[in-house]
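Each chain is listed here by its residues.
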Amino acid sequence: MRFFIFTFFLAITYVQPVIAQEEPSPETIKNWIEAQRRVGSERVMLLNFGLKEFPSHLWVERDVAYLSLEGNVIASIPDSIDSFKRLNRLLLKNNNIDSIPPSLLKIPNLSMLSLAWNRIQFIPLFLREMSSLEGLDLSSNPIGNQGTQYLPPNLTELTINNIGLSIFPDRITELQSLEKLSLAENQVQELPASIGQLTALTTLNLTKNKIKQLPESIVNLINLDQLSVAYNELKQLPTRIGQLSNLSGLSLDYNQLEDLPESFVNLNRIYHLNLANNQFMEVPKEIRALQRLNKLNLSGNPLDSIPDWVFTELPNLNRLILSESLASSLSKPSGSRVQVMYVGDSLSPRMRNSRPLSSGINPNAPLPSPVATDPPPPPPAAIRRNEPPPPTAVQITPVEIDTTAVYDRVDHKPSFDNNYCYDISSKREQEKCLFNTFIRFVKLHLEYPLDAIRLRKTGKVTVSLIVERDGTVSDVVLIRDPISYGCGDADVNLVNKMNTFLPMFIPGKDEGYIVRTRMELEIPFYIPRGIN
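In this numbering scheme, every chain counts its residues from 1 along its sequence in written order. Where local features are concerned, this predicted model is filtered to residues with pLDDT of at least 70; where side-chain atom pairs are given and counted, the filter is 80 or more; whole-chain, interface and lining totals use all residues. Note that the side-chain values use all heavy atoms of the structure and ignore hydrogens as well as water.

A. Structural context of the overall build of the protein. Each helix is a run of DSSP H or I of at least 4 residues and each strand a run of E of at least 2, with the numbering of both proceeding from the N terminus. For the protein, the helix and strand inventory stands at 7 helices and 23 strands. When burial is assessed residue by residue, the protein has 53% of its 532 residues classed as buried. Should any heavy atoms of two residues lie within 4.5 Å, those residues are considered in contact. Pairs at least 24 residues apart make up 47% of the contacts formed inside the protein by residues separated by at least 6 positions. Each accessible area is a Shrake-Rupley result for a 1.4 Å probe, and residues are judged covered by the shown protein chains and nothing else. As displayed, the protein has an accessible area near 24,400 Å², and 47% of this comes from carbon and sulfur atoms. The buried label goes to any residue with under 20% of its type's maximum accessible area, the exposed label to any with over 50%, and the partly exposed label to all in between, with areas taken from a 1.4 Å probe on protein chains only.

B. Seen up close, the nonpolar core. Residues L158, I172, L181, L204, L273, I287 and I306 are the most contacted members of the largest nonpolar core, which totals 97 residues. Every element with two or more residues in this core is listed here: α2 (26-38), α3 (309-312), β13 (319-323) and β14 (339-343). A per-element tally of this core places α3 first, with 3 residues. Leaving out residues up to four positions away in the same chain, L273 has contacts with L250, F264, I287, L290, L293, K295, L296 and N297. Grouped together as the second largest cluster of nonpolar side chains are 12 residues, L446, I453, L494 and I523 included. In this description, a nonpolar core means a group of buried Ala, Val, Leu, Ile, Met, Phe, Trp, Tyr and Cys residues linked to one another through side-chain atoms lying within 4.5 Å.

C. Here's a closer look at the pattern of salt bridges. We count a salt bridge whenever a side-chain nitrogen from Lys or Arg sits within 4 Å of a carboxyl oxygen from Asp or Glu. Enumeration according to the criterion identifies 10 salt bridges in this entry. Residue E286 pairs with K285 through a salt bridge whose shortest N-O separation is 3.3 Å. The class for E286 is buried, based on a relative accessible area of 6%. Looking at K285, the relative accessible area reads 62%, which means it is exposed. A cluster of three or more residues bridged by salt bridges with shared partners is formed by R128, R171 and E174.

D. Region of interest: the pairing of strand β19 (residues 473-480). One ladder, built from 5 bridges, connects strand β18 (residues 459-467) with β19; its direction is antiparallel. Each bridged residue has a counterpart across the sheet, and for T462 the counterpart in β19 is R480. Following β18, the chain reverses through 5 residues before pairing antiparallel with β19; G471 in that reversal takes a positive phi of roughly 90°. Strands are treated as partners if at least two bridges between them are detected by DSSP.

E. How the structure looks around the pairing of β13. Of all the 5 residues making up β13, 5 are buried; the element is thus mostly covered by neighbouring parts of the structure. Here β13 pairs with β14 via 5 bridges, running parallel. Among the inter-strand pairings, L322 is bridged to a residue of β14, identified as Y342.

F. Quick look at the sheet that holds β19. Across the sheet, 4 strands lie side by side as β16-β23-β18-β19; this open sheet has mixed pairing. Each having just a single partner strand, β16 (406-407) and β19 make up the two edges of the open sheet. For helices, the axis comes from a line fit to the C-alpha atoms of the stretch in contact; other axes are also lines fit to C-alpha atoms, and the angle between any two N-to-C directions lies between 0 and 180 degrees. Of the strands in this sheet, β18, β19 and β23 (516-525) touch helix α7 (residues 487-496), which is tilted by about 40° from β18.

G. Focus on empty space enclosed by the protein. Within this scheme a cavity is a closed region of a 1 Å grid, computed over the protein atoms alone, that accommodates a 1.4 Å probe without allowing it to escape, whereas a pocket is open but has protein on both sides within 12 Å along at least five of seven lines; lining residues each have an atom within 4 Å of a point. Grid points are joined across faces, edges and corners, and a volume is the space filled by probe spheres set on the points. Here the structure, examined in full by the defined rule, presents 2 cavities of 30 Å³ or more. Counted as a void, the largest cavity has a volume near 40 Å³. Contributing to the lining of the largest cavity are H445, L446, E447, A490, N493, L494 and K497. Looking at the lining of the largest cavity, the element that brings in the most residues is α7, giving 3 residues. Of the residues contributing to the lining of the largest cavity, the split by class is 3 nonpolar, 2 polar and 2 charged. Residues are grouped as follows: nonpolar covers Ala, Val, Leu, Ile, Met, Phe, Trp, Tyr, Cys and Pro; charged covers Asp, Glu, Lys and Arg; every other residue, Gly included, is treated as polar.

H. Main features of the environment of P153. With respect to the element layout, P153 can be found in the loop between β5 (135-137) and β6 (157-159). The exposure class assigned to P153 is partly exposed, which follows from its relative accessible area of 29%. Spatially, the C-alpha atoms of P153 and E134 are 8.6 Å apart, while their sequence positions differ by 19 residues. Look past the residues within four positions of P153 in its chain and what remains in contact with it is R128, M130, S131, R171 and L175.

I. Representation of α7. Among the 10 residues in α7, 7 count as buried, and that is most of the element. C487, G488, A490, D491, V492, L494 and V495 are the residues of α7 that are buried.

J. View of the packing of aromatic side chains. Between the rings of Phe, Tyr and Trp (Trp by its six-membered ring), a pair exists once the centres lie within 6.5 Å; its type follows the angle of the planes, with under 30 degrees stacked, over 60 edge-to-face, and the other angles tilted. Enumeration according to the criterion identifies 1 aromatic pair in this entry. With a centroid separation of 4.2 Å and an interplanar angle of 10°, the aromatic rings of Y231 and Y254 are classed as stacked. Separated by 23 residues along the polypeptide, Y231 in the loop between β9 (226-228) and β10 (249-251) and Y254 in the loop between β10 and β11 (272-274) bring together distant segments of the chain. A cation over a ring is seen here: K208 above Y231, with NZ or CZ 5.3 Å from the ring centre. The criterion for a charge sitting over a ring is simple: Lys NZ or Arg CZ within 6 Å of the ring centre, and within 35 degrees of the ring normal.

K. Region of the structure containing the environment of E179. Tracing the backbone through its elements, the reader meets E179 in the loop between β6 and β7 (180-182). Assessed through its relative accessible area of 39%, E179 is described here as partly exposed. Sequence separation between E179 and E157 is 22 residues; the distance between their C-alpha atoms is 5.9 Å. If near-sequence neighbours (up to four positions away) are discounted, E179 is found in contact with T156, A200, L201, T202 and T203.

L. Summary view of the side chain of S139. Take S139: it is sitting in the loop between β5 and β6. Within the structure, the side chain of S139 is placed 3.0 Å from the backbone nitrogen of N161, a separation counted as a polar contact. Polar contact is defined as a pair of N or O atoms within 3.5 Å, subject to the rule that within protein one atom must be able to donate a hydrogen and the other to accept it, and that residues adjacent in sequence are counted only when both atoms are side-chain atoms.

M. Molecular detail of unusual backbone geometry. Unlike most non-glycine residues, K208 shows phi in positive territory, near 60°. Tracing the chain through its elements places K208 in the loop between β8 (203-205) and β9. A residue is classified by how much of its surface remains accessible, and K208, at 25% relative accessible area, is partly exposed. In this model, N277 sits at a positive phi of 55°, which is unusual for a non-glycine residue. Here N277 is to be found in the loop between β11 and β12 (295-297).

Just geometry here; none of it tells us what the structure is for.
Here it is as structure tokens:
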């Protein structure tokens with residue numbers, strides 16, 4: 001398994017404090033801000049500091065382009081925010097903010113605004129004039145249906161999960177640049193035919209609404225790559241759904257489907273298909289044509305048997321998820337490489353053997369999945385105050401898993417526990433951000449052997465390591481050292497330093513379970529110009 005070799009280096013430069021019970025002193029805040037700016041960053045992040053207002057020292061740093069004050073108790077955005085003329089991204093998720101000030105209009109290049117998990121009750125009229133805004137997240141605010149007509153005109157990404165919508169906002173269908181749209185956990189019952197106008201959409205998340213039928217016009221979304229209509233009330237799909245020829249991830253679990261339309265056979269790019277907990281009496285024959293299908297979930301359906309063609313005629317099928325009631329009767333053809341996983345009545349996955357499963361799910365697909373791990377201790381009340389209650393539709397019973405197994409391939413790779421680079425919407429810019437931080441960490445902490453420097457030895461050294469279930473690293477082993485002269489040992493020592501700071505990873509997951517994950521890291525050794 002390959003992994004971004006630079007993901008883990010972010011925490012070194014931007015270590016965040018433990019959630020503050022009391023607001024830190026102005027001097028402490030000043031030191032944090034200056035420490036981030038000293039490394040040449042145009043970003044300031046003060047997460048979970050217990051801040052009640054924007055720190056005064058920020059106004060000394062008004063040239064920042066990225067400002068994140070998430071997880072505090074800030075009650076309002078000051079009007080003087082407009083003095084940050086270079087501000088591009090403003091992230092204020094999980095505070096106590098109850099209104100959006102018009103001074104944001106005076107920030108000419110503001111492209112991303114995140115105000116999720118606050119107390120905003122309406123979208124102001126002036127927001128419609130913010131033509132520079134491309135990304136907006138207003139999730140988990142008590143907005144309801146009022147004010148959605150004032151959404152900015154040039155949005156490419158809109159997230160309005162859990163805001164109390166009961167109707168699909170007409171304004172959304174006017175946003176011709178929209179590429180990603182999420183309205184999960186609302187009460188929307190139907191979609192307008194005009195949704196077919198959003199031809200730029202690549203991702204549509206309608207999970208956990210009350211939608212009974214998808215309009216035929218949805219087939220006009222020809223660029224759609226990921227579609228989730230899980231946890232709704234669908235009884236049938238549009239007859240021409242096969243026209244969504246670019247679809248690679250489709251989640252239809254927890255509906256009332258009994259069959260699939262004939263045009264379904266044209267979805268030949270489908271990689272991940274979730275049909276769990278519907279009313280299929282037999283495996284839909286249309287699936288037989290999905291030659292790229294890698295993962296298929298049929299659990300929770302009243303199936304009596306699985307036909308042999310599932311194992312023999314789907315050449316890329318890697319993982320099949322079935323109800324546990326089929327375990328005794330299933331006869332898998334010999335030689336089949338399809339890995340079968342069973343789900344019991346409690347919807348807790350149970351592996352038929354302890355062998356780690358290989359990757360199959362698209363990590364970007366918006367699919368809910370149970371996590372069989374002990375929940376972490378709850379954060380302070382100030383941090384979780386806006387968190388909605390957990391869903392009660394499904395009762396998940398944890399099962400025992402082999403916590404010692406090491407997985408080489410997982411559904412969700414380990415990632416760094418920080419949103420510094422992952423909040424960047426552009427994949428190219430995100431990778432650039434990660435790489436630059438990786439290089440910065442290496443410069444600060446890599447002990448380049450003197451003999452290698454003297455002999456001008458450069459190159460890349462690779463180590464293998466395990467990301468544990470708590471985010472720490474272990475079992476660091478040198479696997480490639482084309483340089484020698486002590487560079488391999490220096491590489492191992494560099495990676496081992498990670499645990500002396502903080503657990504740097506969100507651990508990997510497979511089928512919703514947090515697991516030990518093996519990965520490789522490639523560290524460059526190079527000599528800067530001017531060093532003899």
